[in-house]
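Each chain, written out:
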Amino acid sequence: METVEAAVAQIQALSGSIEDVSHLNGLLKQSEDSLRLKSTVLSPYLDQLDPSTHSLGYLYFLEAFTSTPIIKERANEVVALTIRFINSCTAAQIHLAPDKFVSVCKRLKEQVMWLETPIRGVAALLTAIRKLQPCTEQLTSLHPDFVLLCVLSKSYKTGLHLLEDDIFEIDQPKDLFLYSYYGSMICIGLKRFQKALELLHNVFTAPMHNLNAIAVEAYKKYILVSLIHRGQFSAAFPKYTSSVTQRNLKNYTQLYLDLASNYSNGKISELETFVQSNKEKFDHDNNFGLVKQVVSSMSKRNIQRLTQTYLTLSLQDIANTVQLKSAKEAEMHVLQMIQDGEIYATINQKDGMVRFLEDHEQYKTCEMIEHIDSSIRRIMDLSRKLTAIDDSMSCDPLYLAKVGRERTRFEFDDIDTAKFCI
Amino acid sequence: MKQPQGDFPLDMEKHGSMSAMNLDDSEPLDPFGNGLMHSNNHKLVDSDFFNSFEDDFDDFDIKFSLRSWPPPSSSSFTLGLRHEI
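Rules behind the numbers
Residues numbered from 1 in each chain as written. Chains lettered and ligands numbered in written order. Predicted model: local features only at pLDDT ≥ 70, side-chain atom pairs only at ≥ 80, totals over all residues. Heavy atoms only, no water. Helix = DSSP H or I, 4+ residues; strand = E, 2+ residues; numbered from the N terminus. Buried < 20%, exposed > 50% of the residue type's maximum accessible area, 1.4 Å probe, protein only. Areas by Shrake-Rupley, 256 points an atom, 1.4 Å probe, with all protein chains shown as cover. Phe/Tyr/Trp six-rings, centres within 6.5 Å; stacked < 30°, edge-to-face > 60°. Lys NZ or Arg CZ within 6 Å of the ring centre and 35° of its normal. pLDDT = per-residue confidence, 0-100. Contact = heavy atoms within 4.5 Å. Salt bridge = Lys/Arg side-chain N within 4 Å of Asp/Glu carboxyl O.

Caption draft 1: Quick peek at the overall build of chain B. Helix and strand counts for chain B come out as two helices and one strand. Starting at the N terminus and walking to the C terminus, you meet the elements of chain B as α-α-β. Within chain B, buried positions represent 18% of all 85 residues. Put simply, chain B shows about 6,700 Å² of open surface, and 54% of that area lies on carbon and sulfur atoms.

Caption draft 2: Expanded view of the packing of aromatic side chains. Going through the model one piece at a time under the given rule, you end up with 14 aromatic pairs over all chains. Taking the centre distance of 4.8 Å and the plane angle of 70° together, the rings of A:F204 and A:Y219 count as edge-to-face. Note that A:F204 is positioned in helix α13 (residues 193–204) and A:Y219 in helix α14 (residues 213–230), a separation of 15 residues in sequence. On the basis of relative accessible area, A:F204 is assigned to the buried category, the value being 2%. For the ring pair A:F204 and A:F237, a centre distance of 6.1 Å and an interplane angle of 65° mean the geometry is edge-to-face. Of this pair, A:F204 sits in helix α13 while A:F237 sits in the loop between α14 and α15 (243–252), and the two are 33 residues apart along the sequence. Since its relative accessible area comes to 15%, A:F237 is described here as buried. Counting every residue linked through ring pairs, the aromatic cluster contains A:Y181, A:Y182, B:F49, B:F50 and B:F53. Against the face of A:F288 rests A:K279, its NZ or CZ located 4.8 Å from the ring centre.

Caption draft 3: Structural view of the confidence of the model for chain A. Residue and element names in this part refer to chain A. For chain A, mean pLDDT is 91; residues scoring 70 or higher make up 95% of the total. Confidence, read as mean pLDDT per element, is least for helix α24 (residues 412–421) in chain A (45) and greatest for helix α10 (residues 143–152) (98). Counting contacts from residues 409–422, a segment whose pLDDT is below 50, to residues more than four positions away or on other chains yields 10 contacts.

Caption draft 4: Local environment of the pattern of salt bridges. The tally for this structure, following the rule as stated, stands at 18 salt bridges over all chains. Its salt-bridge partner being A:R378, residue A:D166 comes within 2.8 Å of it at the nearest N-O pair. Taken together, the residues A:D166 in the loop between α11 (156–163) and β2 (169–170) and A:R378 in helix α22 (residues 366–394) connect sequence positions 212 residues apart. Overall, A:D166 belongs to the partly exposed group, its relative accessible area being 34%. As a salt-bridge pair, B:D46 and A:K174 come within 3.6 Å of each other at their nearest N and O atoms.

If you want it as structure tokens, here you go:
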């Protein structure tokens, strides 16, 4: 295809059947370099193509067009063009050039960040992921970009929707690190601390040859969220954590380990002193807000302990016992804990008395039964998945070589015996 | 002694835990692999990843709409104990 007009004509002619589109892909691949050289003049030709019918050709043109820097005045136009393409394109056609599709989407992310309007990219990237994925279990390189935009635009619920997919296939480790790290921030924002812990755990326990900065930052947040959610932190690594992580991670996170150690003493005034004296370092890591939640959580833990001893207690006495500044602050904490389901209590605002109640959950409501049932199904699906993975690994020559075992050879008369032993 | 095939997965688990995930120690390091090797051992891989977020997780300023109540005097409180001492 020597001219752009010729390329447009080819795209219009060869976008009908699957065979034609495959043939077109071959022709466009050969013209990639010349399209890039003409990137500045491609824009008007996009109007002659339909992003839905001519998705593959449109993709090649759009990718070449966006490969060169775009001035800020045109950035809005390019963003709108890209979003329209993502929403309209045919998945079957873009699967023929997935790398180009990913490049176009990543440039969209960069442009909306540059324009400081990350929310504009959220819906489009989610659509792009769904069109790119062969199944919801596949982590694409667009996953971390989408989650990043959700964090920046505070579209936490939209991000959570994707985070609820179970991921079993990963191409690039860095995608997993970033997806899990940014995903944990969404969960923290929604106070889904247990899920945040799982995502952060995935980062620092992932296999790695060299210590990764993302793992370091994930571990810092893991310590903080662990204190907030569980009131405790264990520094022991799971045995499947890579040795480079086990040897070096704590060297980069000592401040946070010291915070956890201070927390375990249970003295809020000492914890507050420690936090204030290291405020600058926590600020530098953008973790000071979480650290303040850690301090607040100590008050919550102490209030929870009171519920095990007292039936009623005044707000002032709660404040005194838990070392809060005033009865009003105690009331704020108690109200929030009631709202979050962390304690069961009522407050009599006439006399400032708090009455602690028993947990009224009897685990026999329809909602609870549905929750338990859905959890059981999920565990069963996971069990089937793990069995399949285990079967697959048991036959993998590399794995067998690593554990130093050889497959046992069976003599003919042993085969029947083996069958009945399983 | 020949081992029946049915025991094979169990044995794998037993020996698998002895040689756990020491990928870094037993496999040769790839200096041009996913994790680039740096001459400065303190430099972390992917240290330029985007992490410039607003510190948005400070919810200490949550305001509650409180009806006014008279604060009790410091000497008056009712102690209700859950368990008899």
